[in-house]
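Residue-level structure breakdown
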Amino acid sequence: MAKNKRTKKPLTDAPALGFVGSLRWIWTQLTSMPTALFLLLLLAVAAVPGSIFPQRRVNPELVTQYLTDNPVSGPWLDRFQLFDVYSSAWFSAIYLLLFISLVGCIIPRIKKHAIALRSKPPRTPTKLERLPQYTRLELDPVQATAITAEQLVSEGQRILRKRGYRVDRRDDAGVLSVSAERGYVREIGNIVFHTSLLGILLSMAIGGAFGYSGQRIVVEGETFVNSLVSYDSFSPGTNFDAKNLEPYSVGLDKFDITFDRESETHFGQPLDFTAHVTTRRSPDAEAQQEDLKVNHPLRINGADVYLVGNGYAPVVTVKDGEGKVAFSGPVVSTPQDSVYTSVMVLKVPDANPEQLGFTGFLLPTALVDETGFGISGDPNAINPQLHLNSYYGDLGLDEGKPQNVYVLDTDKLTELNSRSQDAGGIILEAGQTYELPDGKGSISFDDLKRFVALDVNYDPGKAPIAVCSFLALAGLAISLFTPRRRVWLRPITDEQGLRGVEFALLARGEDPRLQREAAELSKIFHNTWPLAEKSKDLGEVNA
Amino acid sequence: MLRIATLAPINETLGTYSQLFMLLAAMVYMVAFICFALDLAKTNKTIAALDAKALEEDQRVLASAGGQNAAAIGTVTPARRGNSGRADNVGEDVVNDEMTYTALSPKRGIAKIAVVLTWLAVALHGFAVVSRSLAAHRVPWGNMYEFLTTGAFVVALVYLVALFFKDLRFVGSFIIGLVTLMLCAATIGFPTPVGHLVPALQSPWIVIHVSIAVLASALFSISFAMNVLQLLQHSRMNRLAEGKEDKLPFMRLVPGAGALENFAYRINTIAFVMWTFTVMAGAIWAEAAWGRYWGWDPKEVWSFVIWVVYAGYLHARATGGWTGPRSAWLSIIGYGCVIFNFTIVNIYFNGLHSYAGV
């Protein structure tokens with residue numbers, strides 16, 4: 001073993017860092033500015049695919065569609081999480097590394113600034129003329145005796161303090177001078193900004209853990225109660241507990257849409273959506289009449305209700321071959337265009353002896369085009385008609401396989417009504433009933449209601465994010481627009497006494513107005529002390 | 001049906017006048033653009049003449065050089081000396097790194113005409129924007145046509161106001177060219193008659209969110225121009241330093257690369273804070289309208305990308321080895337993203353921000 005070690009050692013030229021040393025090296029690399037810059041740019045690049053490929057979190061149907069349309073490339077893209085970019089391993093790795101880098105950068109800066117805040121401005125350099133912004137002002141020889149170096153330093157201190165500088169009077173071996181610094185808040189702003197970004201990330205994590213969101217369609221006359229069973233779809237946070245659902249209820253009394261009827265160019269464009277609702281904050285609370293509109297959600301106990309969609313729900317009654325009512329109620333249809341031509345699917349599994357299925361369109365204002373097809377002429381229900389095909393047979397619902405309620409699989413069904421059948425398609429106006437061929441039953445169009453699509457969103461991270469965002473913005477503005485600068489001022493003396501004053505400015509960080517500040521100080525000194533006029537020219541002297 | 005009372009009817013006549021004035025403004029901008037370009041050519045000749053004159057009088061050149069050396073020790077200000085690095089000093093009489101008006105400024109007659117024409121165009125343009133707003137009884141930024149026309153107005157106005165403080169006539173042809181292009185794109189590419197806003201846009205946030213976004217984009221445009229000129233000037237100064245021929249003599253009209261970089265940085269910091277505010281205000285509005293403050297909608301993705309790229313730019317300015325051309329490239333890439341977000345994302349990407357009016 002010992003021999004082995006001896007032979008191995010000369011192979012490594014560089015001194016071994018050891019485990020701790022390696023960690024330290026990685027940490028130093030990670031928290032360096034070029035790494036942070038690289039990670040930032042990488043984050044920008046990594047975010048782009050999320051705008052090119054459909055995202056599951058935004059629109060899962062589009063992802064399914066994409067996978068069907070691209071059977072070869074689709075699964076590969078999926079393997080690289082390109083349909084879940086913002087929760088993908090690689091995107092998370094980049095932003096987590098970036099935030100670790102940020103923490104590693106910000107902690108030493110906090111420590112350093114905490115010390116700077118408690119210390120005096122740095123000592124006056126011996127050769128002020130070497131600093132980038134240096135000015136030398138001569139005393140007027142006639143009035144030179146009117147002021148002493150002592151007075152000049154005291155007044156210099158007072159002037160600088162008035163301009164927001166922290167000042168320190170120095171006496172370095174008998175040489176008096178003023179050392180001053182301002183703009184400590186610049187670094188505070190910087191730290192607040194970066195810390196707030198961390199706060200935003202943590203708040204998002206809180207929202208993701210304890211929040212929930214759900215969707216529900218409510219037809220006029222229906223009431224939605226905030227409980228798990230009421231939702232059409234529901235996405236809980238990782239730490240979600242169903243007990244946390246606030247048991248409020250929202251009933252849709254009426255839904256109004258206003259369309260533009262005056263403009264020729266924008267005729268029929270929606271101008272207003274208003275859902276008149278009755279809410280109860282809790283089961284035994286009093287009912288309240290409220291209006292729910294786009295941009296004006298119902299704010300209920302943190303679980304807010306948003307109006308995100310609407311459409312028509314024709315009320316239909318279906319009797320089966322035995323003459324019994326197999327279905328009766330509103331059927332939610334999906335609007336396809338701006339005149340609310342709506343696709344409607346109705347499955348009647350309770351019909352006997354044969355199950356029934358219907359697909360077709362609801363036309364709010366039915367017109368017949370030149371080819372004989374029914375089209376809708378207006379989004380309002382002026383002449384509503386149902387144009388349907390009908391089917392009978394096994395709907396395939398009894399096997400317990402989940403099905404999309406908006407799609408009717410007609411493979412195993414027999415067509416009863418359509419344009420290709422002798423019986424033709426079903427065309428129903430409101431109040432009419434149609435007898436299906438072969439005594440399979442009947443369908444009647446009883447009434448037309450509207451529905452709304454509601455999003456319910458509970459996100460406990462929202463308030464902290466708002467606070468952190470505000471702090472980040474304020475911190476950012478302060479850190480970019482507050483100049484941090486140092487000033488040193490020293491009386492010039494020789495054997496004849498006080499001759500003048502010299503001062504120098506030093507910017508810490510970007511400071512485009514440093515020169516203006518020097519000129520401003522010159523002006524104030526000229527007004528305060530008996531300085532020679534010609535030294536005005538020297539006011540812009542710089543070595 | 002009661003609701004219609006809350007939206008005042010559109011004034012179609014005023015809307016038509018707005019479109020007419022938009023066209024007039026575009027025409028005047030076009031002439032102003034030509035004047036700015038002519039001024040570049042003419043002033044370039046003036047400087048060349050000055051150069052020739054200086055060469056003829058050798059003695060004077062020496063004296064002047066001596067004087068300038070003395071000045072460097074004596075009265076030249078640090079910004080001027082530190083950033084300049086200009087290879088040709090004669091041009092300093094026409095343009096300097098502080099971008100202030102110089103003794104020779106009044107002699108640029110064509111530039112004066114260009115500025116006056118730009119003011120005229122801005123007045124016509126302003127009438128067009130305001131009348132459209134009055135015709136619709138709302139802010140004039142609800143679709144692509146309006147983003148472009150109002151955005152172009154803001155760019156031109158910011159430029160004219162900046163001209164009071166700095167001699168930025170060297171970017172005149174770029175800025176007014178851009179404004180003309182925006183107006184042409186609006187009237188040819190996205191002609192939209194004046195109309196009401198769809199419910200999703202009926203929020204006070206449209207006033208805040210969109211106006212600041214437009215203003216930030218206008219500032220990004222100006223700093224983009226500065227950064228492009230900076231890169232050109234940088235490579236030109238390198239060529240001159242190597243004793244090679246001056247391929248871009250008109251760049252004598254443009255301040256030194258360092259001065260351009262600093263100026264672009266100052267504008268970018270303001271624009272970045274505004275962009276941060278735009279994104280935050282957008283998140284607040286999105287929360288009220290769509291039920292979530294952030295949902296990675298394509299527009300949100302690209303606003304985020306823009307924010308991160310410009311954040312990278314600000315960090316680059318504080319990183320050794322990344323100042324100068326490298327950070328300028330980051331700013332240019334950032335502006336590329338702004339343009340992409342405004343054009344491609346608005347028109348081709350399917351998202352919640354799809355009310356471009358196309």
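Below is a summary of the structure that appears in this document. (Residues numbered from 1 in each chain as written. Chains lettered and ligands numbered in written order. Predicted model: local features only at pLDDT ≥ 70, side-chain atom pairs only at ≥ 80, totals over all residues. Heavy atoms only, no water.)

Let's talk about the overall build of chain B
Spelled out, the test is: Secondary structure elements follow DSSP: runs of H or I of four or more residues count as helices, runs of E of two or more count as strands, with numbering from the N terminus. Relative accessibility under 20% of the residue-type maximum defines a buried residue, over 50% an exposed one, and the middle range a partly exposed one, all with a 1.4 Å probe and only protein chains included. All accessibility values rest on the Shrake-Rupley procedure with a 1.4 Å probe; residue burial counts only the protein chains present in the view.
A tally of regular secondary structure across chain B gives 11 helices and zero strands. When burial is assessed residue by residue, chain B has 55% of its 358 residues classed as buried. Accessible surface, chain B: about 14900 Å² in total, of which carbon and sulfur atoms supply 71%.

As for the overall build of chain A
Spelled out, the test is: Our radius of gyration looks at C-alpha atoms and nothing else; its globule reference is 2.2 Å times the residue count to the power 0.38. Only heavy atoms matter for contacts: two residues are in contact if any of them lie within 4.5 Å across the pair. In this count, Lys and Arg are taken as positive residues and Asp and Glu as negative ones, while His and the chain termini are left out. Charge placement uses NZ in Lys and CZ in Arg. For Asp and Glu, CG and CD serve respectively.
Check the secondary structure of chain A and you find 12 helices and 23 strands. Its C-alpha atoms give chain A a radius of gyration of 38 Å, clearly above 24 Å, the size a compact globule of 543 residues would have. Summarising its shape, the C-alpha atoms of chain A cover approximately 125 × 85 × 55 Å along the three principal directions. Taking all 543 residues of chain A together, the buried fraction comes to 47%. Look at the contacts in chain A between residues 6 or more apart in sequence, and 62% of them connect residues 24 or more apart. Of the roughly 28200 Å² of accessible surface on chain A, a fraction of 57% belongs to carbon and sulfur atoms. Across chain A, the 56 positively charged side chains and the 63 negatively charged ones have centroids separated by 20 Å.

Some points on the sheet that holds strand β22 (residues 485-494) of chain A
All names here are of chain A. Using the following cut-off: Here, a strand pair is defined by DSSP locating no fewer than two bridges between the strands. For helices, the fitted line uses only the C-alpha atoms of the stretch in contact; every axis is such a line through C-alpha atoms, and the angle between N-to-C directions lies from 0 to 180 degrees.
Spatial strand order, β1-β23-β22-β3-β2: five strands in an open sheet with antiparallel pairing. The strands lining the two open edges of the sheet, one partner per strand, are β1 (133-138) and β2 (166-172). With direction set aside, neighbouring strand axes in the sheet form an average angle of 20 degrees. Inspection of the sheet shows β2 paired to strand β3 (residues 175-182) by seven bridges, in the antiparallel sense. In the strand pairing of β3, aspartate 168 is matched with serine 179. Helix α8 (residues 149-162) contacts β2, β3, β22 and β23 (497-507) of the sheet and is inclined by roughly 5 degrees relative to β3.

Here's the deal with the interface of chain A and chain B
Rule in force here: When two components associate, each loses some accessible surface as probed by a 1.4 Å sphere; the sum of these losses over both components is called the buried area. Any carboxyl oxygen of Asp or Glu that lies within 4 Å of a side-chain nitrogen of Lys or Arg is treated as forming a salt bridge with it. A 3.5 Å cut-off defines polar contacts: any pair of N or O atoms within that distance qualifies, except that in protein one atom must be a possible hydrogen donor and the other a possible acceptor, and neighbouring residues in sequence count only when both atoms are side-chain atoms. Three residue categories are used. Nonpolar comprises Ala, Val, Leu, Ile, Met, Phe, Trp, Tyr, Cys and Pro, charged comprises Asp, Glu, Lys and Arg, and polar comprises the others, including Gly.
Each partner contributes residues to the interface: chain A has 63 residues there, and chain B has 64 residues. Buried area between chain A and chain B, summed over both chains or domains, comes out near 5300 Å², and the portion from carbon and sulfur atoms is 65%. It is Leu37, Leu271 and Asn295 of chain A in chain A that bury the most area against chain B; as a group they hold 12% of the surface buried on that side. In this structure, arginine 299 of chain A and glutamate 287 of chain B form a salt bridge, with 2.9 Å as the shortest nitrogen-oxygen distance. Where chain A meets chain B, there are 13 residue pairs in polar contact (both at pLDDT 80 or more). Of the residues contributing to the side of chain A that touches chain B, the split by class is 33 nonpolar, 16 polar and 14 charged.

With respect to a nonpolar patch on the surface
Residue and element names in this part refer to chain A. Test applied: Patch membership is restricted to residues that have no salt bridge and whose relative accessible area is over 30%. Joining uses 9 Å for like charges and 5 Å for the nonpolar side chains Val, Leu, Ile, Met, Phe, Trp and Tyr.
A surface patch of nonpolar side chains, amounting to about 680 Å² of accessible area, comprises Leu17, Phe19, Val20, Leu23, Trp25 and Ile26. The residue leucine 17 is located in the loop between α1 (2-8) and α2 (18-30) in this model. Since its relative accessible area comes to 53%, leucine 17 is described here as exposed.

Notes on unusual backbone geometry
All names here are of chain A. Across the junction of asparagine 352 and proline 353, the peptide omega takes the value 0 degrees, indicating a cis bond. Mapped onto the elements, proline 353 comes out in the loop between β13 (342-348) and β14 (355-363). Positive phi, normally seen in glycine, also occurs at asparagine 301, with a value near 45 degrees. Structurally, asparagine 301 is set in the loop between β9 (288-293) and β10 (303-319). For asparagine 301, a relative accessible area of 38% corresponds to the partly exposed category. The backbone of tyrosine 340 sits at a positive phi, close to 60 degrees, despite the residue not being glycine. Summarising the element assignment, tyrosine 340 is placed in the loop between β12 (334-335) and β13. Of the residues examined, tyrosine 340 reaches a relative accessible area of 8% and is grouped as buried.

Quick notes on the packing of aromatic side chains
Our working definition: Note on ring pairs: Phe, Tyr and Trp rings are taken, using the six-membered ring of Trp, and paired if centres are within 6.5 Å. Classes follow the plane angle, with under 30 degrees stacked, over 60 edge-to-face and the rest tilted. Only when the NZ of Lys or the CZ of Arg is both within 6 Å of the ring centre and within 35 degrees of the ring normal is a charge said to sit over the ring.
Tallied over the full model, the rule gives 35 aromatic pairs over all chains. Between phenylalanine 91 of chain A and tryptophan 296 of chain B, the aromatic rings sit 6.0 Å apart at their centres with planes inclined by 85 degrees, giving edge-to-face as the arrangement. Here tryptophan 296 of chain B lies in the loop between α8 (257-290) and α9 (298-317) and phenylalanine 91 of chain A lies in helix α7 (residues 89-118), a pairing that spans two chains. Classification of tryptophan 296 of chain B as buried rests on a relative accessible area of 12%. Three or more aromatic residues joined by ring pairs form one cluster here, namely Tyr86, Phe91 and Tyr95 of chain A together with Trp294, Trp296 and Phe304 of chain B. Lying over the aromatic face of tryptophan 76 of chain A, arginine 79 of chain A brings its terminal NZ or CZ to 4.4 Å of the ring centre. Taking the ring centre of tryptophan 322 of chain B as reference, the NZ or CZ of arginine 326 of chain B above it sits at 4.7 Å.

Concerning the nonpolar core
Generally speaking, nonpolar side chains in soluble globular proteins are found buried as a group. The line we're drawing: Throughout this description, the term nonpolar core refers to a set of buried Ala, Val, Leu, Ile, Met, Phe, Trp, Tyr and Cys residues connected via side-chain atoms within 4.5 Å.
Core analysis: the largest hydrophobic core is formed by 128 residues, its most contacted members being Phe91 of chain A together with Tyr29, Leu168, Phe170, Val171, Met226 and Val305 of chain B. No other element matches the 17 residues that α8 of chain B contributes to this core. Once you skip the residues sitting within four places of it in the chain, phenylalanine 91 of chain A turns out to touch Leu43, Ala46, Ala47, Val85 and Tyr86 of chain A together with Trp296 and Phe304 of chain B. Membership of the second largest hydrophobic core comes to 49 residues, among which are Ile257, Phe259, Ile426 and Tyr434 of chain A.

Details of the environment of lysine 42 of chain B
Residues and elements named next belong to chain B. Structurally, lysine 42 is set in helix α1 (residues 12-56). Classification of lysine 42 by relative accessible area gives partly exposed; the value is 43%. With near-sequence residues (within four places) excluded, lysine 42 lies in contact with Lys107 and Ile110.

With respect to the sheet that holds strand β5 (residues 223-225) of chain A
All names here are of chain A. Read across the sheet, four strands follow the order β5-β7-β8-β9 without closing on themselves; strand pairing throughout is antiparallel. Pairing within the sheet leaves two strands with one partner each, and these edge strands are β5 and β9. Each strand axis lies, on average, 30 degrees off the axis of its neighbour in the sheet, ignoring direction. Of the pairings in the sheet, the one linking strand β8 (residues 270-280) to β9 comprises six bridges and is antiparallel in character. What sits directly across from threonine 279, in β9, is glutamine 288.

Examining the environment of alanine 519 of chain A
As for its placement among the helices and strands, alanine 519 of chain A is situated in helix α11 (residues 514-528). C-alpha separation for the pair alanine 519 of chain A and glycine 509 of chain A, spaced 10 residues apart in sequence, amounts to 20 Å.

Treat this as a map of the structure, not an account of what it does.
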